[in-house]
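Remarks on the overall topology
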Amino acid sequence: MTKKILAVGEIRDGEFRNVSYEAVAAAKEIASGGEVVGVLLGENVSGLAQELIQYGADRAVVVESEKLSSYTPDGYTQALQAVVEQENPDGMIFGHTSIGRDAAPKLAARLDSGLVSDATAIEVAGEEVIFTRPIYSGKAFEKKVVSGGKIFATIRPNNIAPLEKDESRSGDVSEVTVDIKDIRTIIKDVVRNTATGVDLSEANIIVAGGRGLKSGDNFKLLDELADVLGAAVGASRGACDAEYCDYALQIGQTGKVVTPDLYIAVGISGAIQHVAGMSNSKVIVAINKDPEAEIFNIADYGIVGDLFDIVPKLTEEFKNVVV
Ligand code: FAD
């Protein structure tokens, strides 16, 4: 049976985060030929709605409000609930981002539905929607079968391929008016903690540093390499604990979970808690002076040596090959 599925878009700095398009692709798969409706919340965001349609949504619904200019749990829940009440969909897909992780369970609970979180793949078999999701810190995958009821899910960025953008597509964009009230969180300032401006959770390439870097100043070596590669900079908790960098960069069990095409681990030992956050990267390169370091057990390519020699050389070499 075909379904009507909502895909929630996320905007940052006036542009969609990639996971928005991935949510549309996931919604399309689940809809099985039914309708996909892009959902957009924010202030002065209506102009972007067609883009969700160009990536595969059939139409879009927008909630415009100055109270939605930044994420707040109260504001978003009220707006999303109003959209669900108006659209009465069979399901709703969010990115597994800070916003999706906060808003999706709240909304699902309010609507008395279950939630599949952090899905990395989706299949449809008749009436069943089968979600694959990591468990035990990424060491195993389980399949969650949802049949009947509303389907709420968050999808892990960089796992479900977006559909190709088709600029000839257009569709209806309608507005839902919501009287948003009683927002208990006041956002005073938003401080960004990335050196290169590339978002860690959606980056295709990540250069991550560990305690082997020995100081915060030495993280500049990683910034330079990341700059040449168009990569994001991440870190182990060891590096964060040593105050070499901010905790916003931490990758691992208690940090961010990332799945880039290329992960370069520099001076990171490969503790199980770190590996939990990056082991699903497509290609892993490790640079470590200890040939016995655990990180080499999961690396596709290993360089044994002093990172202070190797990283500047790599940066110089990549300058010649990266256009
Ligand atoms: P170290 O283990 O000290 O490794 C440094 C590495 O650098 C060594 O392998 C060394 O050989 C290499 N090195 C040193 N000098 C050089 C050089 N000049 N050139 C090349 N290599 C060099 N950790 C995380 O990362 N993320 C998490 O989310 C996380 N969550 C945790 C949750 C819990 C409950 C606990 C208990 C721990 C958690 N940890 C996490 C911490 C984790 O166990 C490790 O302590 C941490 O990952 C180690 O960081 P590191 O690899 O940078 O440091």
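Residues numbered from 1 in each chain as written. Predicted model: local features only at pLDDT ≥ 70, side-chain atom pairs only at ≥ 80, totals over all residues. Heavy atoms only, no water.

The name recorded for the protein in an unreviewed UniProt entry is Electron transfer flavoprotein subunit alpha, from Alteribacter lacisalsi.

With that settled, consider the site of the ligand. Close to the ligand lie 26 residues; Arg211, Ser236, Thr254, Gln273 and Asn288 are nearest. Contact between the ligand and Thr254: a nitrogen atom at 2.6 Å from a side-chain N or O atom of the residue. Relative to its unbound accessible surface of 980 Å², the ligand loses 77% to contact with the protein. Breaking the shell around the ligand down by element, the ones donating at least two residues are helix 6 (237-241), helix 7 (272-275) and helix 9 (307-321). Of the residues in the shell around the ligand, the class split is 5 nonpolar, 15 polar and 6 charged. (Near = heavy atom within 4 Å. Polar contact = N/O pair within 3.5 Å; in protein donor to acceptor, adjacent residues only side chain to side chain. Areas by Shrake-Rupley, 256 points an atom, 1.4 Å probe, with all protein chains shown as cover. Helix = DSSP H or I, 4+ residues; strand = E, 2+ residues; numbered from the N terminus. Nonpolar A, V, L, I, M, F, W, Y, C, P; charged D, E, K, R; others polar.)

Bringing unusual backbone geometry into the picture now. Residues other than glycine seldom take positive phi values, yet Asp182 does so here, at roughly 55°. As for its placement among the helices and strands, Asp182 is situated in the loop between strand 12 (173-175) and strand 13 (205-209). Assessed through its relative accessible area of 63%, Asp182 is described here as exposed. The backbone of Lys214 sits at a positive phi, close to 75°, despite the residue not being glycine. With respect to the helices and strands, the residue Lys214 is situated in the loop between strand 13 and helix 5 (219-229). Residue Lys214 is classed as exposed on the basis of its relative accessible area, which comes to 52%. (Buried < 20%, exposed > 50% of the residue type's maximum accessible area, 1.4 Å probe, protein only.)

For the structure on display, the rule yields 18 salt bridges. Of the charged contacts, one joins Arg17 and Glu202 as a salt bridge, the two residues approaching to 3.8 Å between their closest N and O atoms. One end of the pair, Arg17, is in the loop between strand 3 (15-16) and helix 1 (18-31); the other, Glu202, is in the loop between strand 12 and strand 13, with 185 residues separating them in the sequence. Between Arg59 and Glu87 there is a salt bridge, with its nearest N and O atoms 2.6 Å apart. On the criterion of sequence distance, the pair formed by Arg59 in strand 5 (residues 59-64) and Glu87 in helix 3 (residues 73-87) is long-range, its members being 28 residues apart. On the basis of relative accessibility, which here comes to 16%, the residue Arg59 falls in the buried class. When salt bridges with common partners are traced through the structure, they connect Lys4, Glu35, Arg59 and Glu87 into a single cluster. (Salt bridge = Lys/Arg side-chain N within 4 Å of Asp/Glu carboxyl O.)

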